[in-house]
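Report on the structure
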Amino acid sequence: MPHWIYHRPPEKCHETELRFAQILNDRLPDTWIVGWGYWYEDDNRTLREGDFLVLGPTGGLAVFEVKSSVRHVASTGKWNTSDGDSPMSQLMAQHAGVLRRLEDAAGSGSNVPWVTKALVFPKLEIARNIPEYRG
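These remarks concern the structure in this document. (Residues numbered from 1 in each chain as written. Predicted model: local features only at pLDDT ≥ 70, side-chain atom pairs only at ≥ 80, totals over all residues. Heavy atoms only, no water.)

Description of the nonpolar core
Grouped together as the largest cluster of nonpolar side chains are 14 residues, with contacts concentrated most on Trp4, Phe20, Leu24, Val34, Phe52, Val54 and Phe64. Counting residues per element, the ones that place at least two in this core are helix 1 (15-27), strand 2 (33-41), strand 3 (47-55) and strand 4 (61-66). Of all hydrophobic cores here, the second largest spans eight residues; its members include Leu61, Val63, Leu91 and Val115. (Core = buried A, V, L, I, M, F, W, Y, C linked by side-chain atoms within 4.5 Å. Buried < 20%, exposed > 50% of the residue type's maximum accessible area, 1.4 Å probe, protein only. Helix = DSSP H or I, 4+ residues; strand = E, 2+ residues; numbered from the N terminus.)

Examining the pairing of strand 4
Of all six residues in strand 4, six are buried; the element is thus mostly enclosed. With burial as the criterion, each face of strand 4 is covered, one bearing Leu61, Val63 and Glu65 and the other bearing Ala62, Phe64 and Val66. As defined by bridge partners, strand 3 adjoins strand 4 across four bridges and the pair is classed as antiparallel. Bridge pairing links Leu55 to Leu61 in strand 4. Between the end of strand 3 and the start of strand 4, which pair antiparallel, lie five residues, with Gly59 showing a positive phi angle near 100°. With six bridges joining them, strand 4 and strand 7 (residues 115-120) adopt parallel strand pairing. What sits directly across from Glu65, in strand 7, is Leu119. (Pairing = 2+ DSSP bridges.)

Pasting the structure below:
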C-alpha cells in the first residue's frame, strides 16, 4: 500500500475519488507516495485544487483528474463539470501548474522530474467484452 498525504479527509471526497483511491491503494506498493488533493496556480495565478499527485519510486510524478463521467452539452457549450470547464482543460491546467511549481522550486536551468497526466474515470467500463488491448 502506498504512503498517503491527505489534503482533506476521505469521507469529504466525491465517491469517484474514493473509488480511484481504492484502486491506487490496492495496486501500488509502499515505495509510492499519493497526494490526495493539492493546490496549484492556473495560468491566471488563481489558486485551484487538483485531485491526485502520485510520486513513483524513481522520481516520476503523475497528475490525475478524476471524473464520474464526461458529457458536453451542445446547447450551452458547457461540460457537465461543476464549473462547466472541459475536463481536458482542467487536467492541462493542473499539469502546467505542477510543472510551474517544480520549475520555480528547482530554479533557473535546473532539471525537474518527468511529469505525466491522465483523466481518470473509475466508474466507466469501456469495452467490457474485450479483456485486453494490445497486450
